[in-house]
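Descriptive structure summary
Below, each chain spelled out in residue letters.
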Amino acid sequence: MAEMVKSTASSGPRTAEANPVTRFFRATEIDTRLLGMIGALIIIWIGFHIITGGLFLTPRNLWNLSVQTTDIAIMTTGMVLIIVTRNIDLSVGSVLGLCGMIMGVTQAKILPEYIGFDSPFTWAITLLVGIAAGFLIGAFQGMIIAFLNVPSFIVTLGGLLVWRGATWLVTSGQTVAPMDQTFRIMGGGAEGSIGATWSWIVGIAACLFVIASIIGSRRQRRRFGFPRRPIWAEYFLAVLSCVLILGAVSIANSYYWPINIAKKYAETNNIPWPETGLDIPYGIAVPVLIAIVVGIIMTFIATRLRFGRYVFAIGGNPEAAELAGIKTRWVTVRIFALMGVLAAIAAAISTARLNAATNSQGTLDELYTIAAAVIGGTSLAGGTGTIAGAMLGALVMQSLQSGMVLAHVDTPLQSVVVGTVLVVAVWLDTVYRARAK
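- By the naming in an unreviewed UniProt entry, the protein chain goes by Xylose transport system permease protein XylH and is assigned to Rhizobium redzepovicii.
- UniProt, in its Subcellular location (unreviewed entry) section for the protein chain, records the words "Cell membrane".
- Quoted verbatim from the Function (unreviewed entry) field of UniProt, the annotation for the protein chain is "Part of the binding-protein-dependent transport system for D-xylose. Probably responsible for the translocation of the substrate across the membrane."

And the structure:
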């Protein structure tokens, strides 16, 4: 009880004078900008649900929405670090397309000559080749930007054209298909989902992870003498997080395999087919798990590692960061190399989902990635941005696109809406930064 009094009192007289809502947000330390995005997302979902006659907020559409968001969500985690350092990467869509084509050719044409078809190592070798290609492309662009002092806008704009052309040259414009059976698991679908049981296990593990993180954070604050949240706020955050996690798992488990796929599965495994049919839940999709893991790793890099502190220091004041001894050029190279790796991971998911590598893969993805980062609170002026906000921004972008498709909105009008949302997001960021000063 004494601890709770100390935690509450640490916020000082300002808390006592504030209204209950302000005191609540100060106590829980919830990011109001992130909360505003969640509110906007809820409004978008409800609006499209009404417009589409109840088609949007269904387990099927929400499950598909989560899978479709993964490509942009993964790439936008890297775009945050790039924009924070006052750079930009316009080539991520083309890098995705080239890495996807390289992985397609590797597993469909090259590896079968050496290790045969359906080798258990095909997917791993393919993924490593794709990630290596993305790393080299990103590092190459980063070297030009850092050591030749060519603006990132120009370098990556050139990369957008060069890597897109290289994608066509790899197969002279031909589509490569099909992909390795194990590799396709990364794309989602019936094969790429973990089912109901494992989904609940993952959900419970995630809840335990959240609780452990809250406890660990509180212990760290106590150790270094930092103000701590009230006990009730800690309980509230833990309960809210677990409710959201388990609710998402419940929705994923409410979407069942199509009848034809379920029948085929029953025949293969000698399962009697009941008169009422066989309900087999999809559960959490593998690409969604990959995106979550990438988000956690990138958050750890951005907030806990020295590299992340260097990134934000460069974004805040490049000259001061260099005078402080930070090797700004090598940090820039590493950021772009990391962006290339993330584009390759997104390419693997995209290629696996399509079960083919095509020349049009990743077209305009660079715009959606940048838009997601900006909508998620990353400032184009540099120095500010969060991984969680950017991934939420990716979900907002994909929700708009998915909702407009369900509402039968023409493609040109979809572009108008997305462009308008991007401009409004940048304007709101400008207003927010002006008020913060």
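Text resumes after the structure shown.
1. Section: the environment of P412
- With respect to the helices and strands, P412 occurs in helix α18 (residues 411-436).
- What makes P412 exposed here is its relative accessible area of 60%.
- Sequence separation between P412 and Q401 is eleven residues, and the spatial gap between their C-alpha atoms is 12 Å.

2. Some thoughts on the layout of surface pockets
- Its volume calculated, the second largest pocket comes out at about 920 Å³.
- Lining the second largest pocket are 35 residues, with T363, D365, Y368, Q398 and Q401 sitting closest to its centre.
- Elements that contribute at least two residues to the lining of the second largest pocket include exactly α5 (59-84), α15 (328-354), α16 (365-375), α17 (387-406) and α18.
- Its residues assigned to classes, the lining of the second largest pocket comprises 14 nonpolar, 17 polar and four charged.

3. Things to note about the environment of F307
- As for its position among the elements, F307 is in helix α13 (residues 306-316).
- Judged by relative accessible area, F307 falls into the buried class, the value being 17%.
- The sequence separation of F307 and A233 amounts to 74 residues, and the corresponding C-alpha distance is 31 Å.
- Ignoring anything within four residues of it in the chain, the contact list for F307 reads L81, I301, V331, R334 and I335.

4. Description of the side chain of T122
- Here T122 lies in helix α7 (residues 122-147).
- Excluding residues within four positions of it along the chain, T122 makes contact with Q107, L111, I115, G116 and D180.

5. Topic: the domain arrangement of the protein chain
- Segmentation of the protein chain into domains returns domain 1 (67-190 + 284-436) and domain 2 (192-283).
- A separation of 26 Å is found between the C-alpha centroids of domain 1 and domain 2.
- Listed per partner, the contact involves nine residues of domain 1 and eleven residues of domain 2.
- Carbon and sulfur atoms supply 65% of the area buried between domain 1 and domain 2, which totals about 810 Å² over both sides.

The rules behind the values
- Residues numbered from 1 in each chain as written.
- Predicted model: local features only at pLDDT ≥ 70, side-chain atom pairs only at ≥ 80, totals over all residues.
- Heavy atoms only, no water.
- UniProt positions renumbered as here; feature names shortened; annotations may be inferred.
- Helix = DSSP H or I, 4+ residues; strand = E, 2+ residues; numbered from the N terminus.
- Buried < 20%, exposed > 50% of the residue type's maximum accessible area, 1.4 Å probe, protein only.
- 1 Å grid on protein atoms, 1.4 Å probe; cavity = no way out; pocket = protein on both sides within 12 Å on 5 of 7 lines; lining within 4 Å.
- Points joined across faces, edges and corners; volume = space filled by probe spheres on them.
- Nonpolar A, V, L, I, M, F, W, Y, C, P; charged D, E, K, R; others polar.
- Contact = heavy atoms within 4.5 Å.
- Domains from an automatic or database assignment.
- Buried area = accessible area lost by both parts, 1.4 Å probe.

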